[in-house]
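Commentary on secondary and tertiary structure
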Amino acid sequence: MSGVDLTVKIGRLTLKNPVLVSSGTFGYGREFADFFDINRLGGIITKAITPQPRPGNPPPRTVETPAGLLNAIGLENCGLEAFVREKMPYLKTLDTAVIVNVAGASEQDYVDVVRRLAEEDGVDGFEINISCPNVKEGGIEFGTRPEPAAALVGKLRRETDKTLIVKLSPNVTDPCEIAEAAEGAGADAFSLVNTFRGMAINQETGRPVLGNRIGGLSGPAIKPLALYQVYRLSLKSTKSIIGMGGIFNTADAMEFIYAGADAISVGTANLVRPTASLEIVEGLEAYCAARGVGRIGDCVGRAHE
Amino acid sequence: MMKYFLKAKVRENTVLSEGWHALRIECPEIAASASPGQFVQLRAWEGASPLLARPIGVAGVPAAGEILLWVQRVGDGTRLITGLKAGDAISVTGPLGRGFTMPAAGETVYFAAGCVGAAPLRFVAERQQAGVKSIFFYGAGTQCDTVAPLADPVISGMEVVVTTDDGTCGEKGFVTDALRSALKNKKPDRILACGPMGMLRAVAALAAEAGVKCEVSMESHMGCGLGACNGCVVSVKDGTGKKYAHVCTDGPVFDSDYIDWEAF
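Description of the structure in this document.

Definitions and cut-offs
- Residues numbered from 1 in each chain as written.
- Chains lettered and ligands numbered in written order.
- Predicted model: local features only at pLDDT ≥ 70, side-chain atom pairs only at ≥ 80, totals over all residues.
- Core = buried A, V, L, I, M, F, W, Y, C linked by C-beta atoms within 7 Å.
- Buried ≥ 20, exposed ≤ 12 C-beta atoms within 10 Å, placed from the backbone.
- Helix = DSSP H or I, 4+ residues; strand = E, 2+ residues; numbered from the N terminus.
- Contact = placed C-beta atoms within 7 Å.
- Pairing = 2+ DSSP bridges.
- Axes fitted to C-alpha atoms, helices over the stretch in contact; angles between N-to-C directions.
- Parallel < 35°, antiparallel > 145°, perpendicular 65-115°, else oblique.
- Left-handed = near helix turned anticlockwise from the far one by under 90°.
- Nonpolar A, V, L, I, M, F, W, Y, C, P; charged D, E, K, R; others polar.

Before going further, it helps to spend a moment on the nonpolar core. Nonpolar side chains in soluble globular proteins tend to be buried together. Residue and element names in this part refer to chain B. Counting residues in each nonpolar core, the largest one holds 185 residues, and the members touching the most others are Phe137 and Val203. In terms of residue count, the dominant contributor to this core is helix H7 (residues 197–210) (seven residues). When residues no more than four places from it in sequence are discounted, the contact partners of valine 203 are Ala112, Thr176, Leu179, Ile191, Ala193, Cys214 and Val216.

Residues and elements named next belong to chain B. In spatial order, the strands read S10-S9-S8-S7-S11-S12-S15; together these seven strands make up an open sheet with mixed pairing. Looking at the sheet topology across the chains shown, the edges are occupied by strand S10 (171–172) and strand S15 (253–255). Lying over the sheet, helix H3 (residues 118–127) contacts strand S7 (108–114), strand S8 (133–140), strand S11 (190–194) and strand S12 (213–217), oriented at roughly 140° with respect to S11. The sheet strands contacting H7 are S7, S8, S11 and S12, and the helix crosses S12 at an angle near 170°.

Residue and element names in this part refer to chain A. Closest axis-to-axis distance for the helix H4 (residues 146–157)/helix H5 (residues 175–184) pair is 8 Å, and the angle between their directions is 30°. Our classification of the angle between H4 and H5 gives roughly parallel. In the packing of H4 onto H5, the handedness of the crossing is right-handed. Each of Pro146, Glu147, Ala149, Ala150 and Val153 in H4 lies in contact with H5, whose residues at this interface are Glu177, Ile178, Ala181, Ala182 and Gly184.

Listed as interface residues are 29 residues of chain A and, on the opposing side, 24 residues of chain B. Counted by class, the side of chain A that touches chain B contains 14 nonpolar, 10 polar and five charged residues.

Residues and elements named next belong to chain A. Taken together, the four bridges between strand S5 (residues 62–65) and strand S6 (residues 68–71) define a ladder with antiparallel strand orientation. Counterpart to glutamate 64 in the pairing with S6 is leucine 69. Counting the residues between successive antiparallel strands, the hairpin from S5 to S6 contains two residues, one of them, alanine 67, with a positive phi of roughly 55°.

The buried fraction of H3 of chain B is high, at eight of 10 residues. All of the buried residues in H3 of chain B are Ala118, Ala119, Pro120, Leu121, Arg122, Phe123, Val124 and Ala125 of chain B.

Another point: the sheet that holds strand S11 (residues 196–198) of chain A. All names here are of chain A. Strand order in the open sheet made by the four strands is S5-S6-S12-S11, with antiparallel pairing throughout. This sheet does not close on itself; its edge strands, each paired only once, are S5 and S11. Neighbouring strand axes in the sheet, compared pairwise and without regard to direction, differ in orientation by 35° on average. By the bridge criterion, three bridges tie S11 to strand S12 (residues 215–218) in an arrangement that is antiparallel. When the bridges of S12 are listed, glycine 198 appears paired with glycine 215.

The following block contains the structure:
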């Protein structure tokens, strides 16, 4: 071993390394277990869970764009009870942090999911999705104004002592305002960014390509935009930050860490190279070792200097 | 079944006709476990453009340790893949998805193939046991797209009926015209189809009318190919109220009466 300390703290959680995988790009973990030992990751953020199953949006749900991917999946998921019954037994066997992404149409939806999973062994924290751009009732109403965000986070804080991470939308005037309100209500950490709203139009028909008409853009195309949002929030907030948005390799991950992210999350790259997240775990260690960095946490926010 | 993500090597890249290539790729793990109808995700480039890997149906296992792929050049991804030379590296993820039901001995099977959709059906034929009676119905736009399948030893070893839209090879018309006539003469035990969506819908309708079991291999834009991103769905008719199925893991091969053709 190189002796580099890769552990990081996210809220009340200590991760073995700063590499997470983003909600909706890694299924429930098992989908990638053929390719590498997923316990090597700092943690897994699951596909969004809602109280009831959701079929998702009509196809087409994805469009490739230059260095990017537009998606409008529509929070397709098996619902809370099936998640506990069918997905949790596997997740409980993992020796890495399991963070459940929670979505809903009402405060009660979020409360139902968090309350049910708060006592489950094997759930280490929650990522509160108040930023899905693809579903009218997908929680975005809680993510675009400070007051509803604070009210929701306050309710969830009363349900659990586990780490509460609020996933922020970049599709607002100032994500920092939402973060400040959520922080005041008890959020432990922030993850940003969710996808940027976008669309694509079919040349033959003149109509939107996506079944949902609009979608969210991810991938390398958004990296500089995401990096700026992480940098900006980290100047203002003392809470932990999970940086994400177009991270494809170790260099991208380090940019986010230097910008102020305590941990990073790999999203679209998982679809392109199933081992992308593992490559970054190994890459960060090698990067630090080569530069004599003993503790990756020492790199966080260097861009502020 | 175990899936692999491998840095593989191109053994051979042959131009079969304009824009239609046969690639033989060395990847022993995938060659050993792939079954007809399954696909692989290919990426022949580094960097972010194009972003996603390209899903391509396996056309066969022509020799130990290698898979055969028929790739038609249609966009940037397939242009890069068809531009590879022997010895070049290519990332291959697979084998992925659920394949065709293999015809049993004594059965009669009609293959219905549209253009490069012949590839996964070729793999069925390659693996097919003795005693299966099969007819390969093949449709394409024009003569040059018939060169590859007609020259192929596996396909040309069967009874083949060719149609072209412009009549430059075989009968003038669609593959479904030829299939319709054949179904009037003799009903097979099953139809296995792969091709463009419009063709598959027409084949499904013919099969339903004739009361013949039919499996179709569906196409979709694909994200991960692993069932993780939920990006590649098709509308289905399901007694349980399920609206969509995942092409990458529930398919790509589906019973034709499971697909909600009205939704397309």
